[in-house]
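So the chains spell out like this:
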Amino acid sequence: MAALPLTGALLLAGCASPGPAPPAGPRVSRDDLPFLLPPTSGYPGTADAELLRRVDAAYQSRLLDNDAAGAAAAAEAALAIDPNLAPAQVLLGQARLIGNDPAAARQTLDAVVARLPGYLAAQLAAGRAAEKAGDLVAAYGAYRGLASSSSAALERAGVLHDAAVGELARRIDEAVGKGRLDDARAQLLTLEEWAPGARVALAAAMGVARAGGDAQGELEAVRGLLAGGAAGDESLLERRGELELQVGRPSAAIDIFEDLARRHPEEPRHIEQVDRAKFRWRIVNLPADVQRLVEAPELSRADYAVLLYWLVPGVRAAVVTSPHIASDILEHPRRQEVMRVVNLQLMDLDETLRRFNPDWRVHRAHALKALLRVLQRAQPAPSCVGGLEGNPSPSREAVCTVAAACGLLPEAADCLPDAVVSGGEAAAWIRRTVSLLP
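Residues numbered from 1 in each chain as written. Predicted model: local features only at pLDDT ≥ 70, side-chain atom pairs only at ≥ 80, totals over all residues. Heavy atoms only, no water.

Some words on the overall build of the protein chain
Secondary structure summary: the protein chain contains 20 helices and 0 strands in total. Compactness check: the protein chain gives a C-alpha radius of gyration of 39 Å against a globular reference of 22 Å for 438 residues, more than 25% above the reference. By the burial criterion, 44% of the 438 residues in the protein chain qualify as buried. Of the roughly 22,300 Å² that the protein chain leaves accessible, carbon and sulfur atoms contribute 54%. (Helix = DSSP H or I, 4+ residues; strand = E, 2+ residues; numbered from the N terminus. Rg over C-alpha atoms; globule rule 2.2 N^0.38 Å. Buried < 20%, exposed > 50% of the residue type's maximum accessible area, 1.4 Å probe, protein only. Areas by Shrake-Rupley, 256 points an atom, 1.4 Å probe, with all protein chains shown as cover.)

Printed below as a string of structure tokens:
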């Protein structure tokens, strides 16, 4: 065959099927691309227009071409002219991100976001860097903040929500365990914003409140958990009862403990809880000035007489046939209660001077003796006070021994007869005494 002319060979060569065409468009990772906006996107500041143009040009020609080194060099050149140029810092962070150094990218981008919150290009790239670094909490926080202005952020926030919420709850538990309650409280605010009313947020709130001694906050969290589907958790229900008794509604505590007692009649602690709840209900329905005595750190003899008058059944309604008069209580604001307790011979007078000494501190031995007299006069009297029969003036040691036998004290050694009595101790002893009455 004759050779083709040169022009024909060139024509055929031009018509021949070409090899694979080079990929068109940006070569940066498709997964990262939605989070890499031009660095000036959403920039809230002002700067030299030419510098901003160079930064965006480097983004187009270098960063989108996956040239991390070239993009970083362009960013550093701009920063050499203006060290505070935020878009150049964003470009540098983006370059480090596509260069597989998310930790360095975060350091650069987080500094920009801290200075200019809401800066779209910076916050979106910072979220992506946090996600690639494994910090789902920071990533979700960044995406959530941009959900209304970026479809990519909205989508990733939806994907990361459950994992981020779970991780934040774990961090709160860890902070509580290490005693860093301020950190735990700050993180809890974020968790409650991200997952309001969710079980994970309520459980975290319960832990933080309990660690901080915030009984009211713990009660609110426990109520939320039980209302949200944890009603079958009896330990949580019992905790609610204790908290209702402490800072909530004693009537609710009564219902809770009576229900637990019905479910578990073999469990004596629930009977004790019902008893405490009913007694607490009585206290919250007392006059306010009497309620305050229950919280007093130290009681006077008159204060203790007031508690006996209001809390021991039958004292207020008892009929006195041979009244005793104490000369030092005639002008006392609590003379009615004191006189009734004295005339029932629950507390003694100084027979020589006919004085009650209402403002003296009440000692434990005298307080316990009064309650043992209440038990002795019951019909029938409980067997635990049998040791006092025929002994109208028992020794302090005998009072302490019998008080322990009746369950008013854990042991006789806990008596400390000369020690003072707080309102809480007195109320607890009175409650136990009342529970022994027929």
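A word on the nonpolar core
In this structure, Tyr304, Leu307, Leu308, Phe356, Leu372 and Ile430 are the most contacted members of the largest nonpolar core, which totals 56 residues. Put simply, the parts of the chain that give this core at least two residues each are helix H14 (268–284), helix H15 (288–294), helix H16 (301–311), helix H17 (335–343), helix H18 (364–376), helix H19 (396–405) and helix H20 (423–436). For Leu307, the residues in contact, after removing those within four places along its chain, are Val290, Leu293, Val294, Leu299, Val312, Ala426 and Ile430. Core analysis: the second largest hydrophobic core is formed by 49 residues, Ala175, Ala201, Ala221 and Ala230 among them. (Core = buried A, V, L, I, M, F, W, Y, C linked by side-chain atoms within 4.5 Å. Contact = heavy atoms within 4.5 Å.)

Remarks on helix H5 (residues 102–115)
Structurally, the α-helix is built with 3.6 residues per turn, so residues lying three or four positions apart point the same way. Between its first and last C-alpha, H5 extends 20 Å over 14 residues, near the 20 Å set by a 1.5 Å rise per residue. Looking at H5, one finds that the buried residues are Pro102, Ala104, Ala105, Arg106, Thr108, Leu109, Val112 and Val113. Contact partners of the buried residues in H5: helix H4 (86–98), helix H6 (120–132) and helix H7 (136–145). (Expected span 1.5 Å × (residues − 1).)

A closer look at the pattern of salt bridges
For the structure on display, the rule yields 38 salt bridges. Across the pair Arg223 and Glu244 runs a salt bridge, and its minimum N-O distance is 2.9 Å. In this pair, Arg223 sits in helix H11 (residues 215–227) while Glu244 sits in helix H12 (residues 234–247), placing the two residues 21 residues apart along the sequence. In this structure Arg223 comes out as partly exposed when scored by relative accessible area, which is 29%. Put simply, Asp259 and Arg262 hold a salt bridge, and the shortest N to O gap is 3.9 Å. Of this pair, Asp259 and Arg262 both sit in helix H13 (residues 250–263), 3 residues apart, roughly one helical turn. A relative accessible area of 23% places Asp259 in the partly exposed class. (Salt bridge = Lys/Arg side-chain N within 4 Å of Asp/Glu carboxyl O.)

What about helix H9 (residues 181–194)?
Here H9 spans 20 Å end to end across 14 residues, near enough to the 20 Å set by a 1.5 Å rise per residue. Along H9, the residues that are buried comprise Leu181, Ala184, Gln187, Leu188, Leu191 and Trp194. Projected down its long axis, H9 shows its buried positions confined to an angular sector of 125 degrees, all on one face. With respect to the buried face of H9, the exposed residues turned more than 90 degrees away are Asp182, Leu189 and Glu193. In the core, the buried residues of H9 are packed alongside H7, helix H8 (151–177) and helix H10 (199–211). (Arc of directions from axis to C-beta.)

With respect to the confidence of the model for the protein chain
Residue-level pLDDT values for the protein chain average 91, and 93% of them are 70 or greater. Residue range residues 1–25 is modelled with pLDDT below 50. Its contacts to residues more than four positions away, or to other chains, number 1 contact. (pLDDT = per-residue confidence, 0-100.)

Thoughts on the state of the cysteines
Under the defined criterion, the tally for this structure stands at 2 disulfides. Shown here is the disulfide that connects Cys384 with Cys406, its sulfur atoms set 2.0 Å apart. Between Cys384 and Cys406, the S-S dihedral sits near 100 degrees, and the bridge is therefore right-handed. Residue Cys384 is located in the loop between H18 and H19, and its partner Cys406 is located in the loop between H19 and H20; the two are separated by 22 residues in the primary sequence. (Disulfide = S-S within 2.5 Å.)

Brief notes about the packing of aromatic side chains
Here the structure, examined in full by the defined rule, presents 4 aromatic pairs. Relative to Tyr143, the ring of Phe35 has its centre 5.5 Å away and its plane inclined at 40 degrees; by these criteria the two rings are tilted. On the criterion of sequence distance, the pair formed by Phe35 in the loop between helix H1 (6–15) and helix H2 (49–63) and Tyr143 in helix H7 is long-range, its members being 108 residues apart. Judged by its relative accessible area of 0%, Tyr143 is buried. Relative to Trp310, the ring of Tyr309 has its centre 5.5 Å away and its plane inclined at 75 degrees; by these criteria the two rings are edge-to-face. Overall, the relative accessible area of 7% leaves Tyr309 in the buried class. (Phe/Tyr/Trp six-rings, centres within 6.5 Å; stacked < 30°, edge-to-face > 60°.)

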